[in-house]
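# Residue-level structure breakdown
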Amino acid sequence: MSSMPDSLTRRPPRTVPALVTGIVLLALGGLAVWILGVRLIEGTWPEQVRSGIETLAGVRMDAVGVLVTAGVMALLGLILLLAAIVPGDPTNRRVLEDEIPGETAVSTRDIARRARTRIERVDGVQSVAARVKGKTLDVQVSTPIDDAEGVRHRSLAAADLALAELRPTKTLRARVRVRRTR
Amino acid sequence: MRTISGPRNRVVLVQLGLLLLLGAAWLISASTPLAEQWPWAQDVLPHATSTLGHLATVHQAWLLPVGAVLAVLAALLGIALLISQVPSAPSTRALRVTDEQDHLLGTVQPEVIERALVDVAEETAGVQSATVRIGGAASAPWVQAEVAVSEEAEAGWAAEAVRRRLAEDLATVLGTSPQRVDLLVRLRSGGAPSSARLDSPAREASVPA
């Protein structure tokens, strides 16, 4: 454990791919330990896998099955590499910068919910969906009235105000799309 | 605040990804004329006509023990990877307060200051609840706090006020400004707290049985 805390705005730690990899490694490693352990100690393959191993022993290296296995391995390898290399969006965003050392952060979910709450109060708005992705606060507004452009302007102003109050350190631009409902 | 090591996960994923790609390339090389083109690599590259059983027989002397060791290592790595997904908090220890000549004046448990700072944070208007963790040395402390602020409140003002109070109060207690004050703001719907206490403990005690 380090003595300094991690940044609040760090990138996602890749918990899901690491968990899946850990489970697969444990399962395959455990299975191999059992099979090879029995072989090393008793000198024969375990009864349950003997026929399978005998079938595998006769497979030629240029067989279709070997090529398919290689393809699957390459695909899994690429997925693991991409999961590690692609940075991903941080869960929290740095906001309200001031002279005190350190940082203030708000989760992207909370930013979106705050904008949604503000836009829901705008005249003519029936329902709102909002989410933060990259540098954009993406807002989808449903309205039953004809003046969709007016609703869009008022919703955009409300979203901009909600963002301005939090003063995100990195630019976060609101984008509002309006859908007419009957 | 408890976190999971992202860099450690990424290093393991990159290494396993590269191993899988290498293994796939080795298997695919059997269906290519690579072994004929690179005679020096004939010993390590598989031949199209070979069978898995033949390869195992040729390398029988070392394949089984090495395979068993690798299997144990894979299982251990899997366990280690699963354990490392349990979030861990940065280590904290008692803060040693010293004078200018570096003589020990006393020690303070971080929990004592943390409780006081939680009270300070929760006194701020709009803050519903707070957790505070401090660490580092008394001469270079850090603070990491999390506050739940009502959505209806001035979240920006509340966050700035909490950070300022945490920095000032810690500087007052330890005589040194903190190295960093990190604050995670959670926006919560509903302005009123879920419970309220009207009677003070002193008044309750004075009520006859």
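Just so you know, the residues in each chain are numbered from 1, in the order the chain's sequence is written. All chains are assigned letters beginning with A, and all ligands numbers beginning with 1, in the order in which they are written. Where local features are concerned, this predicted model is filtered to residues with pLDDT of at least 70; where side-chain atom pairs are given and counted, the filter is 80 or more; whole-chain, interface and lining totals use all residues. Calculation of side-chain values draws on the structure's entire complement of heavy atoms; hydrogens and water are dropped beforehand.

### Here we look at the pattern of salt bridges
Residue and element names in this part refer to chain A. Spelled out, the test is: Between Lys or Arg on one side and Asp or Glu on the other, a salt bridge is scored when a side-chain nitrogen of the former is within 4 Å of a carboxyl oxygen of the latter. Runs of E in the DSSP output that reach at least two residues are strands. Runs of H or I that reach at least four are helices, and both are numbered from the N terminus. Here the term buried applies to any residue with accessible area under 20% of the maximum for its type, exposed to any over 50%, and partly exposed to those in between, with areas from a 1.4 Å probe on protein chains only.
The full count for this structure, using the stated rule, is 18 salt bridges over all chains. Between Arg 113 and Asp 110 there is a salt bridge, with its nearest N and O atoms 3.6 Å apart. With Arg 113 and Asp 110 both in helix α4 (residues 108–120) and 3 residues apart, the pair spans about one turn of that helix. Note on Asp 110: relative accessible area 5%, which makes it buried. Here the salt bridges do not stand alone but share partners, grouping Arg 94, Glu 97 and Glu 103 into one network.

### As for the packing of helix α3 (residues 64–85) of chain A against helix α1 (residues 6–29) of chain B
Keep this limit in mind: To get an axis, a line is fitted to the C-alpha atoms, and for a helix only the part in contact is used. The angle between two axes follows their N-to-C directions and goes from 0 to 180 degrees. With respect to orientation, any angle under 35 degrees is reported as roughly parallel, any angle over 145 as roughly antiparallel, any angle of 65 to 115 as roughly perpendicular, and every other angle as oblique. For a crossing to be left-handed, the near helix must be turned anticlockwise from the far one by less than a right angle; the clockwise case is right-handed. Just so you know the grouping, Ala, Val, Leu, Ile, Met, Phe, Trp, Tyr, Cys and Pro go in nonpolar, Asp, Glu, Lys and Arg go in charged, and all remaining residues, Gly too, go in polar.
Contact pair α3(A) / α1(B): the axes reach a minimum separation of 7 Å and the direction vectors enclose 160 degrees. Classified by the angle their axes make, α3(A) and α1(B) are roughly antiparallel. Handedness of the α3(A)/α1(B) crossing: left-handed. The residue inventory of the contact of α3(A) with α1(B), partitioned by class, reads 20 nonpolar, 4 polar and 1 charged.

### A few points about unusual backbone geometry
All names here are of chain A. If you check the backbone angles, Arg 14 has positive phi at about 60 degrees while not being a glycine. With respect to the element layout, Arg 14 can be found in the segment before α1 (15–42). Residue classification places Arg 14 among the buried positions, given a relative accessible area of 8%. Despite not being glycine, Arg 167 has its phi angle at roughly 45 degrees, a positive value. Since its relative accessible area comes to 38%, Arg 167 is described here as partly exposed.

### Let's talk about the packing of helix α5 (residues 110–123) of chain B against helix α6 (residues 155–174) of chain B
All names here are of chain B. Cut-off, in case you're wondering: Contacts between residues were defined by any pair of non-hydrogen atoms, one from each residue, lying within 4.5 Å.
Where α5 contacts α6, the two axes come as close as 10 Å, and the packing angle between them is 145 degrees. In this structure, the crossing between α5 and α6 has a hand that is right-handed. Residues Ile 113, Leu 117, Val 120, Ala 121 and Glu 123 of α5 pack against Val 162, Arg 165, Leu 166, Asp 169, Leu 170, Val 173 and Leu 174 of α6. Partitioned by chemical class, the residues of the contact of α5 with α6 number 9 nonpolar, no polar and 3 charged.

### Points about α3(A)
Inclusion rule: Multiplying one less than the number of residues by 1.5 Å gives the expected span of a helix.
Here α3(A) contains 22 residues, and its C-alpha end-to-end distance of 31 Å stays within 8% of the 32 Å for a straight helix at 1.5 Å per residue. Close packing links the buried residues of α3(A) with α1 of chain A together with α1 of chain B.

### Some words on the side chain of Ser142(A)
Residues and elements named next belong to chain A. Stated formally: Any N or O atom pair separated by 3.5 Å or less is treated as a polar contact, with the protein-specific requirement of one donor-capable and one acceptor-capable atom, and with residues adjacent in sequence counted only for side-chain atom pairs.
Here Ser 142 shows up in strand β4 (residues 136–143). Assessed through its relative accessible area of 4%, Ser 142 is described here as buried. A polar contact of 3.2 Å, which involves the side chain of Ser 142, links it to the side chain of Arg 179. Apart from residues lying up to four places away in sequence, Ser 142 is in contact with Gly 124, Val 125, Gln 126, Ser 127, Arg 179 and Thr 181.

### Observations regarding the nonpolar core
Note that soluble globular proteins tend to have their nonpolar side chains buried in a common cluster. Which entries qualify depends on this criterion: For this analysis, a nonpolar core means a set of buried residues of the types Ala, Val, Leu, Ile, Met, Phe, Trp, Tyr and Cys, connected via side-chain atoms within 4.5 Å.
Membership of the largest hydrophobic core comes to 51 residues, with the highest contact counts inside it found for Leu137(A), Val147(B) and Val149(B). Looking at this core, the element that brings in the most residues is α6(B), giving 8 residues. If sequence neighbours within four positions are ignored, Val147(B) has contacts with Ala121(B), Val127(B), Ser129(B), Ala130(B), Val162(B), Leu183(B), Leu184(B), Val185(B) and Arg186(B).

### What about the pairing of strand β3 (residues 127–133) of chain A?
Residues and elements named next belong to chain A. Basically, it comes down to this: Pairs of strands are assigned from DSSP output, requiring at least two bridges between the strands.
In terms of strand pairing, β3 meets β4 through 7 bridges, oriented antiparallel. Each bridged residue has a counterpart across the sheet, and for Ser 127 the counterpart in β4 is Ser 142. Joining the antiparallel neighbours β3 and β4 is a turn of 2 residues, in which Gly 134 adopts a positive phi near 65 degrees.

### Digging into the interface of chain B and chain A
Selection criterion: Buried surface area refers to the total accessible area, computed with a probe of radius 1.4 Å, that the two partners give up upon joining, counted for both partners together.
With 71 residues of chain B at the interface, the matching set in chain A holds 68 residues. Taken together, both faces of the contact between chain B and chain A bury some 5,900 Å²; the carbon and sulfur share is 68%. Viewed at the interface, chain A and chain B are joined by 2 salt bridges. Arg167(A) is the salt-bridge partner of Glu160(B), the closest N and O atoms lying 2.9 Å from each other. Our count for the chain B to chain A interface comes out at 20 residue pairs in polar contact (both at pLDDT 80 or more). Looking at the side of chain B that touches chain A element by element, the count peaks at 15 residues for α1(B). When grouped by side-chain class, the residues that make up the side of chain B that touches chain A number 40 nonpolar, 21 polar and 10 charged. For strand β2 (residues 104–107) of chain A and strand β5 (residues 180–188) of chain B, the ladder comprises 3 bridges, and the chain directions are parallel. Paired with Val106(A) across the strands is Val185(B), a residue of β5(B).

### Concerning the domain arrangement of chain B
By a widely used convention, the size of an interface equals the accessible area lost when the partners come together. The following threshold applies: Each domain's limits were defined by an automated method or a database of domain assignments.
Entries for chain B in the domain assignment read domain 1 (6–83) and domain 2 (95–188). Its C-alpha centre places domain 1 of chain B at a distance of 52 Å from the equivalent point of domain 2 of chain B.

### As for the domain arrangement of chain A
Annotation of chain A at the domain level lists domain 1 (15–85) and domain 2 (92–180). Just the C-alpha atoms count here: the centres of domain 1 of chain A and domain 2 of chain A sit 49 Å apart.

### With respect to the sheet that holds strand β1 (residues 92–95) of chain A
The 5 strands are arranged β1(A)-β2(A)-β5(B)-β4(B)-β3(B) in an open sheet whose pairing can be described as mixed. Each edge of the open sheet is held by one strand with a lone partner, namely β1 of chain A together with β3 (127–137) of chain B. Averaged over all pairs of adjacent strands, the angle between their axes in this sheet comes to 20 degrees, without regard to strand direction. Bridge count for strand β4 (residues 140–150) of chain B against β5(B) is 9 bridges, and the pairing is parallel. Bridge assignment links Ala148(B) to a residue of β5(B), and that residue is Arg186(B).

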